[in-house]
Amino acid sequence: MKLYNTLTKTIDEFAPVNGNCINMYTCGPTVYHFAHIGNLRSYIMEDALEKFLNYAGCDVKRVMNITDVGHLTSDADSGEDKMLKGAKREHKTVMEIAQFYTDAFFKDCDALNIKKPETVVPATSLIPDFIHMIEVLLEKGYAYQAGPNIYFDTSKISNYYALTGHDEDQLRIGVRDDVEEDTNKRNKADFVLWFTQSKFEDQALKWDSPWGVGYPGWHIECSAISIHYLGGALDLHCGGVDNIFPHHTNEIAQSEAYLGHPWCRHWFHVQHLNDHGAKMAKSTGNILTVSVLKEKGYDPLVYRMFCLSSHYRKPLEFSYDVLDNMAATYQKLLGRIAALKKDGEADPAQVEAYRAKFIEQVGNDLNTSSGLTLVYDVLKDQSLSDATKRAVIGDFDQVLSLDLLKERETEEPAADEDLVRLIEEKIAERKAAKKAKDFARADAIRAELAEKGVIIKDTREGTVWELKK
Ligand code: AMP
Ligand code: ZN
């Protein structure tokens, strides 16, 4: 497939280099709070990527960490420990918080048809690996001890900013305003590999280490977990764009310093979900969760479809209006699919031809919205039997995961293909009438459709319709 690579800043051909296998690492959630639907946008798109690679014939070996230690409220190693903050807020232990929010995360993933990666690793389960990696970095001269902590020396890396394409001063703007300088650092960009107890008096989770009792920095976990489970040559590393700096930049620095050779060849980053123009973030407290959407009556798969209908490299603005339209679109689509006759045999050649189209279109930088459009093309294609349509749609749904063929208890009333065509013609005619200020004709068309049991609604995105229940 063709896939944008943050490292090369171009859309590269992405294919397995080792037999048919792709090693894929995903930065998992920091489990001090519920995942918000912004976080879940990243996980939905990563899920679609994994499933697409499978669909195209690759074996994907995927690992995800769970950040249950070391992530401070500022990505630049200052501020409170996020896990401790969560534990205090809820009067629970850090491990209770970690377990509760890890379970909640996978429940949300389930509701959104996000497949759980085959290997999920809590950071606290691999502390000896982190310590070993830090020891090697110290031995090789990439790390130093200063004051109470062990730091990575970024001046030892000639292309430290390779992933960002920007230098330190440009990156500081807007990213680190609230950060107090750590005078132990030799260089501004240096970061902590290991904190000792002097950082927080009441640090809950601490481990013995050659440098005193303490706990790991956030970045080391992803390097060590990835190398432990996927080896020293990683094919694909994923996360949201906010992970590019400093997290992924630091992962590359320490992994390559440790290994002594290049590490990950392809970096995939998902743009943010925004709310009122700003990134949805756990730290602001102003977050929307899958539970909130459910309480408001939305099927979580409507949110999945909303994400799939937009390109992962474009910021996505959340609004209930758009979600309402998506809910109507989803219901209509399910209705059209449910109306397809279930008997008969699919034509394998036609299924194969559509599969090739899907691979070509979605394989163009994970263009999931083209994949959705293809579903409509299939429904409209008069050369396909209903059985073939169902087979093709079921095949696409291996990637889209919108439960398109699932039998539902309360099916929406279904419109047959002829009615759908008629409705679309009438809506176009009504639009032309309104444009010509012939409102009487426009009203007559609305009434005519109502008689056929079709309700139309004008929205900002155009006219939508549904069948009377
Ligand atoms: P966290 O739990 O904060 O470590 O973040 C989990 C994942 O969500 C990371 O890959 C982040 O880059 C990503 N992420 C955070 N905020 C957003 C957002 N508003 N939109 C999309 N992805 C996000
Ligand atoms: Zn990570």
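Chains are numbered independently. Their residues run from 1 in the order of the written sequence. Written order determines the labels here, with chains lettered from A and ligands numbered from 1. For this predicted model, a pLDDT threshold of at least 70 governs which residues receive local features, and a threshold of 80 or more governs which side-chain atom pairs are given and counted, while totals over whole chains, interfaces and linings are taken from all residues. Excluded from the side-chain calculations are hydrogens and water; all other atoms, namely the structure's heavy atoms, are used.

So, about the coordination of the zinc ion (ligand 2). Donor atoms are limited to N, O and S found within 2.8 Å of the metal ion, a distance that becomes 3.2 Å for Na, K and Ca. With water left out, some sites might look partial. The protein atoms that coordinate the zinc ion (ligand 2) are Cys27 (SG), Cys222 (SG) and His247 (NE2), at distances of 2.0 to 2.1 Å. Donor residues for the zinc ion (ligand 2) sit on one chain with the sequence pattern C-x194-C-x24-H. Of this pair, Cys222 sits in helix α6 (residues 218-230) while His247 sits in helix α7 (residues 244-259), and the two are 25 residues apart along the sequence. Only DSSP runs of H or I reaching four residues or more are called helices, and only runs of E reaching two or more are called strands; each is numbered from the N terminus.

This part covers the domain arrangement of the chain. An automatic or database domain assignment provides the domain bounds reported here. In terms of domains, the chain is made up of domain 1 (2-274), domain 2 (319-400) and domain 3 (417-467). Inter-centroid distance (C-alpha atoms) of domain 2 to domain 3 is 25 Å. Buried area, as used here, totals the accessible surface that two parts lose on assembly, with accessibility defined by a 1.4 Å probe and the loss added over both. Overall, the association of domain 2 and domain 3 removes approximately 810 Å² of surface from exposure, summing both partners, and the carbon and sulfur fraction of that is 43%. Among the residues of domain 2 in contact with domain 3, Asn325, Lys332 and Arg336 are the three that bury the most area, contributing 59% of the side total. By definition, a salt bridge exists where a carboxyl oxygen of Asp or Glu is found within 4 Å of a side-chain nitrogen of Lys or Arg. Linking domain 2 to domain 3 there are 0 salt bridges. Mapped onto the side of domain 2 that touches domain 3, the elements with two or more residues apiece are α10 (320-338) and α12 (368-380). Looking at which element gives the most residues to the side of domain 2 that touches domain 3, the answer is α10, with 5 residues.

Buried Ala, Val, Leu, Ile, Met, Phe, Trp, Tyr and Cys residues that are joined via side-chain atoms within 4.5 Å together make up what is termed a nonpolar core. The buried label goes to any residue with under 20% of its type's maximum accessible area, the exposed label to any with over 50%, and the partly exposed label to all in between, with areas taken from a 1.4 Å probe on protein chains only. Of all hydrophobic cores here, the largest spans 84 residues; its most connected members are Leu236, Tyr303, Leu366, Phe396 and Leu404. The element best represented in this core is helix α1 (residues 37-55), accounting for 10 residues. Other than its neighbours up to four places away in sequence, Tyr303 contacts Ile37, Gly38, Arg41, Ile44, Leu112, Leu273, Leu293 and Leu323. Within the second largest apolar cluster, 46 residues are counted, among which are Ile127, Ile134, Tyr160 and Phe191. Whether two residues are in contact is decided by their heavy atoms, any of which lying within 4.5 Å being enough.

Before going further, it helps to spend a moment on the sheet that holds strand β9 (residues 214-216). Should DSSP find at least two bridges between two strands, the strands are regarded as paired. With antiparallel pairing, the 4 strands of this open sheet are ordered in space as β6-β7-β8-β9. Because the sheet does not close on itself, it has two edges, and the strands there are β6 (143-146) and β9. Sheet twist, expressed as the mean angle between neighbouring strand axes with direction ignored, is 25 degrees. When β6 meets strand β7 (residues 149-152), the two strands line up antiparallel, connected through 4 bridges. Across the sheet, residue Tyr144 finds its bridge partner in β7, namely Tyr151. Together, β6, β7, β8 (191-196) and β9 form the strand contacts of helix α4 (residues 127-139), whose direction differs from that of β8 by roughly 120 degrees. Helix axes use the C-alpha atoms of the stretch in contact, all axes being lines fitted to C-alpha atoms, and the angles between their N-to-C directions lie in the range 0 to 180 degrees.

Once that is clear, we can look at the sheet that holds strand β5 (residues 119-122). What the 5 strands build is an open sheet, ordered β5-β4-β3-β10-β11; its pairing is parallel. The open sheet is flanked by β5 and β11 (267-270), the only strands paired with a single partner. Within the sheet, the average angular offset between the axes of one strand and its neighbour, ignoring direction, is 20 degrees. Against the sheet, α1 touches β3 (21-26), β4 (59-66), β10 (236-240) and β11, its axis set at about 160 degrees to β4.

Let's shift gears to the pairing of strand β2 (residues 10-13). As paired elements, strand β1 (residues 2-5) and β2 share 4 bridges and run antiparallel to each other. Within β2, the position partnered with Asn5 by the bridge is Thr10. Following β1, the chain reverses through 4 residues before pairing antiparallel with β2; Lys9 in that reversal takes a positive phi of roughly 60 degrees.

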